[in-house]
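Residue-level structural notes
Each chain is listed here by its residues.
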Amino acid sequence: MKVTLTGAAETLLAPLYARAVDARSAHPLLADPTAATLLDSLDYDFGRLGIRPATAIGVALRARFLDRRTQEFLAAHPDATVLHLGCGLDSRVQRVDPGPGVNWFDVDQPEVIDLRARLYAPRPGHRTIAASVTDSDWLVQVPRDLPVLVVAEGLTMYLPADEGPRMLRNLVGHFPQGEMVFDSYSRFAVRLTRPLPVFRQTGARLNWGIDDPRDLERAVPGLRLIEAAKAFDTADRADLEHLPRAIRFRLRFEVEFLSRLPVLRRIGHISRYAFGS
Ligand SMILES: C[S@@+](CC[C@H](N)C(=O)[O-])C[C@H]1O[C@@H](n2cnc3c(N)ncnc32)[C@H](O)[C@@H]1O
């Protein structure tokens, strides 16, 4: 299937490729066979995105971390709504495999949802919404009566810096209670990563940097930070044993040395917030 996406929508091919590389590795961290199957069905030159083996590992660890938080939320709230924002072609709903009490909404731009519909079979309890997450009209389609988990991966940095907090305020205003979990880059990281091939090739621009996850408590009344993990925190000790030696060395270097430098310590976070009762 020919891929004609451009801009931010086209960037979804980078994490998809990374998850497929992980799935095909000798010791997968995420083990998402759907990513590898989807990759084979797409007519696209993935080489132009310049995804390196270490990046693929980072993406797999980030996805696994967010999957685990989603599973934990659903274990505590078997009747719940999951709002997966900027879903791309991610098969999170297949990996998490929620129970019958869960309404799962995958939200992304119309051209992405259109491509998803051609690649994925329908599944009970799952719906897609074709919209920009920064518009608020689509939220009326999502029931408010159950606890909600809002999960987003590789999304916030693409949003305009004023529209990101507004989107979060809309979400907090719509749902009586729930949690949000998403990754973010610092303002320094947003500038640092702009020249990477994935952004040069797709024309996508990164915008919103969050230096301190606590800043959002002030920008979004009602939001309470309950966890802020650094990119370095997503690996389990056992994972490191199976990684290629060069990558293991690099990760140790990052954890034991680079993560102590103030500007790098806060380069990226995965943050979890609660709101409502
Ligand atoms: C780097 S991709 C990540 C995709 C997916 N979360 C994953 O990990 O595979 C960024 C995604 O954010 C989506 N996106 C960016 N801005 C958006 C917006 N305003 N509304 C909805 N989706 C958006 C893009 O279409 C794309 O699917």
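Now for a quick tour of the structure. (Residues numbered from 1 in each chain as written. Predicted model: local features only at pLDDT ≥ 70, side-chain atom pairs only at ≥ 80, totals over all residues. Heavy atoms only, no water.)

Some thoughts on the packing of helix α2 (residues 13-23) against helix α3 (residues 33-41)
Remark: α2 packs on α3, axes separated minimally by 7 Å, with the N-to-C direction vectors making an angle of 120 degrees. Both α2 and α3 take part in a crossing whose hand is left-handed. Across from Leu16, Tyr17, Arg19, Ala20 and Ala23 in α2, the residues of α3 making contact are Ala35, Ala36, Leu38 and Leu39. Taken together, the residues of the contact of α2 with α3 sort by class into 8 nonpolar, no polar and 1 charged. (Axes fitted to C-alpha atoms, helices over the stretch in contact; angles between N-to-C directions. Helix = DSSP H or I, 4+ residues; strand = E, 2+ residues; numbered from the N terminus. Left-handed = near helix turned anticlockwise from the far one by under 90°. Contact = heavy atoms within 4.5 Å. Nonpolar A, V, L, I, M, F, W, Y, C, P; charged D, E, K, R; others polar.)

A short note on the pairing of strand β2 (residues 102-108)
Across the 7 residues that make up β2, a large majority, 6, are buried. Here strand β1 (residues 80-85) runs beside β2; their pairing, made up of 6 bridges, is parallel. Bridging across to β2, leucine 83 finds its partner in phenylalanine 105. Where β2 and strand β3 (residues 126-130) come together, 5 bridges link them in parallel fashion. Counterpart to phenylalanine 105 in the pairing with β3 is arginine 127. In this view, the connection linking β2 to its parallel neighbour β3 by way of helix α6 (residues 110-119) has right-handed handedness. (Buried < 20%, exposed > 50% of the residue type's maximum accessible area, 1.4 Å probe, protein only. Pairing = 2+ DSSP bridges. Right-handed = clockwise from strand over helix to strand, strands pointing away.)

What to know about the side chain of serine 186
Mapped onto the elements of the fold, serine 186 is located in the loop between β5 (177-185) and α8 (187-193). Those residues in contact with serine 186, other than ones at most four positions away along the chain, are Gly209, Ile210, Asp211, Arg266 and Ile267.

Some points on the nonpolar core
Core analysis: the biggest nonpolar cluster contains 32 residues, and Leu13, Leu16, Leu42, Phe46, Leu49, Leu89 and Leu119 have the highest contact counts within it. Of all elements in the fold, only α2, α3, α4 (53-76), α6 and α9 (197-202) reach the threshold of two or more residues within this core. Broken down by element, this core gets its largest block of residues, 5 residues, from α2. The contacts of leucine 16, once residues within four sequence positions are left out, are Ala35, Leu38, Leu39, Leu42 and Leu89. Counting residues in each nonpolar core, the second largest holds 30 residues, with Phe105, Ile129, Leu155 and Ile210 among its members. (Core = buried A, V, L, I, M, F, W, Y, C linked by side-chain atoms within 4.5 Å.)

What about the packing of aromatic side chains?
Counted under the stated rule, the structure contains 4 aromatic pairs. Plain terms: the ring middles of tyrosine 17 and phenylalanine 46 are 5.7 Å apart, the flat faces sit at 15 degrees to each other, and that makes the pair stacked. Separated by 29 residues along the polypeptide, tyrosine 17 in helix α2 and phenylalanine 46 in the loop between α3 and α4 bring together distant segments of the chain. The partly exposed category is assigned to tyrosine 17, whose relative accessible area is 25%. Residue classification places phenylalanine 46 among the buried positions, given a relative accessible area of 9%. Taken together, a centroid distance of 5.7 Å and an interplanar angle of 25 degrees make the contact between phenylalanine 182 and tyrosine 273 stacked. Here phenylalanine 182, found in strand β5, pairs with tyrosine 273, found in strand β7 (residues 268-276); they are 91 residues apart in sequence, far enough to count as distant. This pair shows no difference in class: phenylalanine 182 is buried, exactly as tyrosine 273 is. Each member of the aromatic cluster is reached from another via a ring pair, and the members are Tyr17, Tyr44 and Phe46. (Phe/Tyr/Trp six-rings, centres within 6.5 Å; stacked < 30°, edge-to-face > 60°.)

Comments concerning the site of the ligand
By nearness alone, 21 residues border the ligand, and Gly86, Asp108, Gln109, Val133 and Glu153 come closest of all. At 2.7 Å, a backbone N or O of glycine 86 approaches a nitrogen atom of the ligand. At 2.9 Å from a nitrogen atom of the ligand is found a main-chain nitrogen or oxygen belonging to valine 133. Residue assignment for the shell around the ligand shows that the elements contributing at least two residues are α1 (7-10) and α2. Among the residues forming the shell around the ligand, the class breakdown is 11 nonpolar, 6 polar and 4 charged. (Near = heavy atom within 4 Å. Polar contact = N/O pair within 3.5 Å; in protein donor to acceptor, adjacent residues only side chain to side chain.)

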